[in-house]
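Examining the three-dimensional arrangement
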Amino acid sequence: MMMKAITCFTVFFLLNTAVLDNLEAKPEDNGEKMKISLQKRVPSDLDEGSLILVNDIQEWNSNETAIIICDMWDKHWCEGATKRVAEMAPHLNKVVSIARAKGALIVHAPSSTMDYYKNHPGRKLAKKYKYKSVKQKMTPDDQKLECELDQDWPFEISHGGCSDTPKCKDVNKTVWTRQIDTIDILDGDAISDSGVEVGSLFIKKGIKNVILVGVHTNMCVIGRTFGLRNMVRLGMNVALMRDMTDTMYDSTSSPYVSHFTGNSLIHEYIEKNVCPTLVSTDFTGEKQFRFKNDKRPIVAFITAESEYRGNQRLPEFAHELLLTKNVNCEFALGKPIMKGEGRHNIENLQIMKDADLAVFFIRRRALEPEKMEFIKDYVKSGKPVIGIRTASHAFDPKGNVPREGGGIVAATGKVDDYLSNWTEFDEEILGGNYQGHHGHLKEGTVVSIVPGMSNHPLLKGVSDEGFTSPNWLYQNSPLRSPNAQVLLLGTIPGQPSEPVPIPINTAMLFIPHWGIGTTGKSRALRMPCSTL
């Protein structure tokens, strides 16, 4: 299984850099440069069979970029699906309008409605090119990629995926005639439901980057001849805009989660097996789209550290929350490095605008002031915060960092020339007093419950006898918040005990000792997240 996953991703990246047959010479004007933040799941180098969630920031030329709008019909046989398309369409039209203005090619692909558009200039444009080399690389609808063959589909489908109550009767009946009118079709756009037509047009126009949007992700978006899989086969640098999609999933089918959690599960599957994803924020500069009936609490995981595998363990825990707690888990990711370009950056922080709980697992990062404001605004809101281990020095890079992301320098320039620090985060928010850590001992750290605290809800499931952790002990005494309440103590030979989980008031929790990379998949988080 592991070799297949690695092989598939290797082939994917090789194809992305290949010179495609019939590719025209690159035009002098490649349009605007666009920063695209891609999220994907790749095999871990440390734990065989495990995945890490990573962020890949790419710079795309707008004139080498296309957006395919899949099956955003005027009507669907499922009433609920029709309503969700109508709700999403205005937001999608805004994204498409921005992309078009930048120079991107827009392809409208409302399958089985080509007769409606037979005299439209966009239809005539799409029919102009049909290369044999494209046809040879593509497969019929719904044929999986090689790396998917041994992978489980994330959910079962019953009633055609209709999640309505009562269920719609005319399952899979063709009731659509065209694309929904809310999405503009303008001069220069193409109209096609043929992978060969679309792929040939892309090659003729020098398209390299392709974004899929529309419905439904688990069916047409991934499986149509112009869908994600065939764009991968064609060698395109393809991505799914995950907030501009929907699924056909019925919560009365396994794994018996909400319709919107079904969306999240198929996004995970695609990031693991097919291609990266992004959100509409990269185009609009606004927070991502959410359906109005998606009432799930939102947990924002913000991770940027290189020592404890936060980008592996937190996604594993988030998947557990999806399946058992009906929560929506979003990630803001920084590079898991302590040196080098891109260290002082965290992508996707706009998720904090909607978050109900924020989990920080960050080590010594400075951020652009506008990004730091997302974090400060969230904390000011009074919503719950969980800080894990290195969160005590999350925003303390030990000096000033120039905006361009260089090394630590003296503060001799203007304030705006430097990235933002928040060295007081430990004291002001977490109530800690980080002074370093003791050495790593073979026997580990003995963790025991503070007398009288065994019935605290955050300790549900912890044995009265405590446990031994392999992680080294942080020095945090004396704590600097009068509201801190110590629940556990960590002890090593010859040293005074140190506090471990520290609730502050009713909204803050600092876990200075547990490094989740080595103490089990989620013991440090399962209880506090559930309780908060």
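Quantities reported herein were computed from a predicted structural model and do not represent experimental measurements.

Our focus in this paragraph is the packing of helix 8 (residues 259-273) against helix 10 (residues 310-325). Interaxial distance between helix 8 and helix 10 falls to 10 Å at its minimum, and their mutual angle equals 150°. When the interaxial angle is binned, helix 8 and helix 10 end up roughly antiparallel. Note that helix 8 runs across helix 10; the crossing there is left-handed. Residue-level contacts link Thr261, Ser264, Leu265 and Glu268 of helix 8 to His319, Leu322 and Leu323 of helix 10.

The next subject is the environment of tryptophan 176. Position of tryptophan 176 relative to the elements: it lies in the loop between helix 4 (132-137) and strand 5 (190-191). C-alpha separation for the pair tryptophan 176 and serine 111, spaced 65 residues apart in sequence, amounts to 9.2 Å. Apart from the residues lying within four places of it in its own chain, the contact partners of tryptophan 176 are Trp73, Asp74, Lys75, His76, Trp77, Ser111, Ser112 and Thr113.

This paragraph deals with the nonpolar core. Ile68, Phe202, Leu228 and Met231 are the most contacted members of the largest nonpolar core, which totals 43 residues. Not counting chain neighbours up to four residues away, the residues in contact with leucine 228 comprise Leu212, Val221, Ile222, Val238, Ala239, Leu240, Ile270, Val274 and Cys275. In this structure, Tyr308, Val327, Leu487 and Leu509 belong to the second largest nonpolar core, which totals 32 residues.

Once that is clear, we can look at the sheet that holds strand 14 (residues 445-449). The strand order across the open sheet built from 4 strands is 15-14-16-17, with neighbouring strands paired in antiparallel fashion. Each end of this open sheet is capped by a strand with a single partner; those strands are strand 15 (467-469) and strand 17 (498-499). As defined by bridge partners, strand 14 adjoins strand 15 across 3 bridges and the pair is classed as antiparallel. In the strand pairing of strand 15, valine 446 is matched with threonine 468.

So, about the packing of aromatic side chains. Throughout the structure, instances matching the rule amount to 17 aromatic pairs. Pairwise contacts between aromatic rings join Phe360, Phe395, Trp422 and Phe425 into one cluster. Geometry around tryptophan 422 places lysine 376 over its ring, the cationic atom sitting 5.3 Å from the centre.

This brings us to unusual backbone geometry. Glycine aside, a negative phi is what most residues show, and trans is what most peptide bonds show. Omega for the peptide link from threonine 165 to proline 166 comes to -5°, which places this bond in the cis form. Tracing the sequence through the fold places proline 166 in the loop between helix 4 and strand 5. For the bond running from valine 215 to histidine 216, omega is -10°, close enough to zero to count as cis. With respect to the secondary-structure elements, histidine 216 resides in the loop between strand 6 (209-215) and helix 6 (217-223). Its identity as a non-glycine residue notwithstanding, tyrosine 256 has a phi of 60°, on the positive side. Considering the arrangement of structural elements, one finds tyrosine 256 in the loop between strand 7 (237-246) and helix 8. A positive phi angle, close to 45°, is found at arginine 389, a residue other than glycine. The class for arginine 389 is buried, based on a relative accessible area of 0%.

Rules behind the numbers
Residues numbered from 1 in each chain as written. Predicted model: local features only at pLDDT ≥ 70, side-chain atom pairs only at ≥ 80, totals over all residues. Heavy atoms only, no water. Axes fitted to C-alpha atoms, helices over the stretch in contact; angles between N-to-C directions. Helix = DSSP H or I, 4+ residues; strand = E, 2+ residues; numbered from the N terminus. Parallel < 35°, antiparallel > 145°, perpendicular 65-115°, else oblique. Left-handed = near helix turned anticlockwise from the far one by under 90°. Contact = heavy atoms within 4.5 Å. Core = buried A, V, L, I, M, F, W, Y, C linked by side-chain atoms within 4.5 Å. Buried < 20%, exposed > 50% of the residue type's maximum accessible area, 1.4 Å probe, protein only. Pairing = 2+ DSSP bridges. Phe/Tyr/Trp six-rings, centres within 6.5 Å; stacked < 30°, edge-to-face > 60°. Lys NZ or Arg CZ within 6 Å of the ring centre and 35° of its normal.

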